[in-house]
Amino acid sequence: MNELNDKIEMIRDAMPATRNQVYLNTGTAGPLATVTTDAIAKATANAAAIGRGNFQIYTPWLESTATVRGHYAKLTNSPVSSIALTHHTTDGMNIAIHGLKWQAGDEIVTTNWEHQGGYIPAYVVGRRHQVGIRMVEFDYWDEMATILAKLEAAITSRTRLLVISHVTWNTGLRLDLKGICDMAHKHGVLVVADAAQSAGMIPLDLPASGVDFYAMPAQKWLCGPEGIGALYVRQDRLSLLEMTFAGFLSLENPMAYDLTGHYLPAPDARRYELGTVNKIMYQAMAANLDWLANEVGWDYIYQRIARLTGYAYERLSTLENVTFYTQKNAGSGLITFGLDGYDPPRVMVKLNEEGVVLRYLGLPHALRIAVGFYNTEADIDRLITELQKVQAMEPDALPVYVSPFEK
Ligand SMILES: Cc1ncc(COP(=O)(O)O)c(C=O)c1O
């Protein structure tokens, strides 16, 4: 027990945002560890001291990209050759969705629970190539068999791609990725999964799931810096996925082209990489993932998220007048809920003032917590206390929220 206590204290000491407040919004961005911010400082100081064009910069950068690629591969139980480094989840979704050879009349199936990162590239492809979009409507309490049946019912002979989240960002439901891929493949349909809310939250075995394309970020459950992500491309799908964007990093080596229009793409998923990236942040991401894998441990992370989320669901259930939008054993670290009669953005601001960081969602209009491996039962208890205090207030007495996007 003491060892476990020591470990969580070590983790919380190493992640300043988890001290002096209750941090429950890894679904937007995970807390940065000090090893990560130290690496940013060190790499920045080095770049400033020796100059960003100094050839000596390339060694730490290339080493860190290899480390980051290796971690994404291990996390997903896939070969490094399946991993393309990207800028964020949405980047990976775009590479996969735009990269298929679309023909007018083709169809994409997607669901009412996706993020813009899935919808918008699908809509753009829809408009550009006259591809139809079929929207599957899930209900909050749909069982997995119903979800599968609804998806299958939407597939026609023209369907080419299913755009779906592994864990839904708004209802926190972990979908049966293998079941979905098996069903889709039976109909000749490829699957691109949005992994913004699954990578780093739940154990992954992408080859076993059969998924074709899997788009991951760095900044959420992996607690990395912004501006990095990874796309898994199933090895036998490389030839199906065109390079929509390309540059010196897409080539087998940067000189593998001539002046007559010939070029040699990288033989693996690196072909979807393009040009200069933020080398400093790659060094930070490498330090971050080394720390998570070696000091914290993935088994610890996954088990702790699952156990604490169960605890949070139980504790939230003890409140009166709570509406859940997440199923009880949803299999994720997200819980979406509302306090009946209280405006979610205003509750969010009030809780933030009290040192509890969560977010509100538009659809459903509700609050969402993301339970991380660095949280404690005491964090969850604090959340409950603050929610009870809100329930003791008049709804109009809560502070008003003005979205920075609408100012
Ligand atoms: C399911 C889902 N997809 C995509 C995104 C966008 O992620 P990114 O900024 O990494 O593209 C988010 C989060 O904001 C998300 O929750």
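Residues numbered from 1 in each chain as written. Predicted model: local features only at pLDDT ≥ 70, side-chain atom pairs only at ≥ 80, totals over all residues.

With that out of the way, let us pick up the overall build of the chain. Secondary structure summary: the chain contains 12 helices and 13 strands in total. For the chain, the spread of C-alpha atoms along the principal axes amounts to about 75 × 60 × 45 Å. Residues classed as buried in the chain amount to 43% of the 407 residues present. Long-range pairs, those at least 24 residues apart, make up 70% of the contacts in the chain between residues at least 6 apart in sequence. (Helix = DSSP H or I, 4+ residues; strand = E, 2+ residues; numbered from the N terminus. Buried ≥ 20, exposed ≤ 12 C-beta atoms within 10 Å, placed from the backbone. Contact = placed C-beta atoms within 7 Å.)

In this section: the sheet that holds strand E12 (residues 359–361). Read from one edge of the open sheet, four strands run E9-E10-E13-E12, paired in antiparallel fashion. The open sheet has two free edges, formed respectively by strand E9 (322–324) and E12, since each of these has just one partner strand. Neighbour-to-neighbour, the strand axes of the sheet open up by a mean angle of 40°, direction not taken into account. Pairing geometry for strand E10 (residues 334–339) and strand E13 (residues 366–370), over four bridges, is antiparallel. (Pairing = 2+ DSSP bridges. Axes fitted to C-alpha atoms, helices over the stretch in contact; angles between N-to-C directions.)

Okay, the domain arrangement of the chain next. Domain annotation of the chain identifies domain 1 (2–31 + 297–397) and domain 2 (41–293). One C-alpha centre belongs to domain 1, the other to domain 2, and the line joining them spans 28 Å. On the domain 2 side, the residues contacting the 22 residues of domain 1 number 20 residues. Among the elements that take part in the side of domain 1 that touches domain 2, helix H10 (residues 298–317) stands out by supplying four residues, more than any other. In the side of domain 1 that touches domain 2, the residues fall into 13 nonpolar, nine polar and no charged. (Domains from an automatic or database assignment. Nonpolar A, V, L, I, M, F, W, Y, C, P; charged D, E, K, R; others polar.)

Remark: helix H2 (residues 34–50) packs on helix H9 (residues 279–296), axes separated minimally by 8 Å, with the N-to-C direction vectors making an angle of 150°. Accordingly, the angle class assigned to the pair H2 and H9 is roughly antiparallel. The handedness of the crossing between H2 and H9 is right-handed. For the pair H2 and H9, contact is made by Val35, Thr36, Ala39, Ile40, Ala43, Thr44 and Ala47 and by Ile280, Gln283, Ala284, Ala287, Asn288 and Trp291, respectively. Of the residues belonging to the contact of H2 with H9, the class tally is nine nonpolar, four polar and no charged. (Parallel < 35°, antiparallel > 145°, perpendicular 65-115°, else oblique. Left-handed = near helix turned anticlockwise from the far one by under 90°.)

The next thing to look at is the environment of alanine 208. When you line up the elements, alanine 208 lands in helix H8 (residues 206–209). Overall, alanine 208 belongs to the exposed group, with 12 C-beta atoms counted inside 10 Å.

It is worth spelling out the environment of glutamine 391 at this point. Tracing the sequence through the fold places glutamine 391 in helix H12 (residues 377–391). According to the C-beta neighbour criterion, glutamine 391 is partly exposed, with 17 such atoms within 10 Å. With 257 residues separating them in the primary sequence, glutamine 391 and arginine 134 have C-alpha atoms 41 Å apart.

What follows covers the pairing of strand E5 (residues 159–165). Most of E5 sits out of view: five of its seven residues are buried. Sheet topology places strand E3 (residues 107–111) next to E5; four bridges connect them, and they run parallel. The partner of isoleucine 108 across the bridge, within E5, is leucine 161. Across five bridges, the pairing between E5 and strand E6 (residues 190–194) is parallel. Counterpart to valine 163 in the pairing with E6 is valine 192. Regarding topology, helix H7 (residues 177–186) serves as the crossover connection from E5 to the parallel E6, and that connection is right-handed. (Right-handed = clockwise from strand over helix to strand, strands pointing away.)

What follows concerns the packing of helix H3 (residues 58–75) against H9. Packing of H3 against H9 brings their axes to within 8 Å, and their N-to-C directions diverge by 45°. Compared by their axis directions, H3 and H9 come out oblique. For the pair H3 and H9, the crossing hand works out as left-handed. Listed contacts from H9 to Pro60, Trp61, Ser64, Thr65, Thr67, Val68 and His71 of H3 are Lys279, Tyr282, Gln283, Met285, Ala286, Leu289, Asp290 and Ala293. For the contact of H3 with H9, the class distribution of residues is eight nonpolar, five polar and two charged.

Around the ligand, the neighbouring residues are His88, Thr89, Thr90, His115, Gly117, Ser165, Trp169, Asp194, Ala196, Gln197, Pro217 and Gly229. Taken together, the residues of the shell around the ligand sort by class into three nonpolar, eight polar and one charged. (Near = placed C-beta within 6 Å.)

Next up on the list: the nonpolar core. In globular proteins that are soluble, nonpolar side chains generally tend to be buried together. Counting residues in each nonpolar core, the largest one holds 108 residues, and the members touching the most others are Val191, Val192 and Leu231. With 10 residues, the top contributor of residues to this core is H9. Counting contributing residues, this core receives three or more from each of domain 1 (2–31 + 297–397) and domain 2 (41–293). (Core = buried A, V, L, I, M, F, W, Y, C linked by C-beta atoms within 7 Å.)

This paragraph deals with the sheet that holds strand E7 (residues 213–217). As summarised here, the arrangement of the seven strands in space is E2-E8-E7-E6-E5-E3-E4, forming an open sheet in which the pairing is mixed. Unpaired on one side and paired on the other, strand E2 (83–86) and strand E4 (132–136) mark the two borders of the sheet. Across the sheet, the axes of successive neighbouring strands diverge by a mean angle of 20°, strand direction being ignored. Of the strands in this sheet, E2, E7 and strand E8 (229–233) are in contact with H3, which crosses E2 at around 120°.

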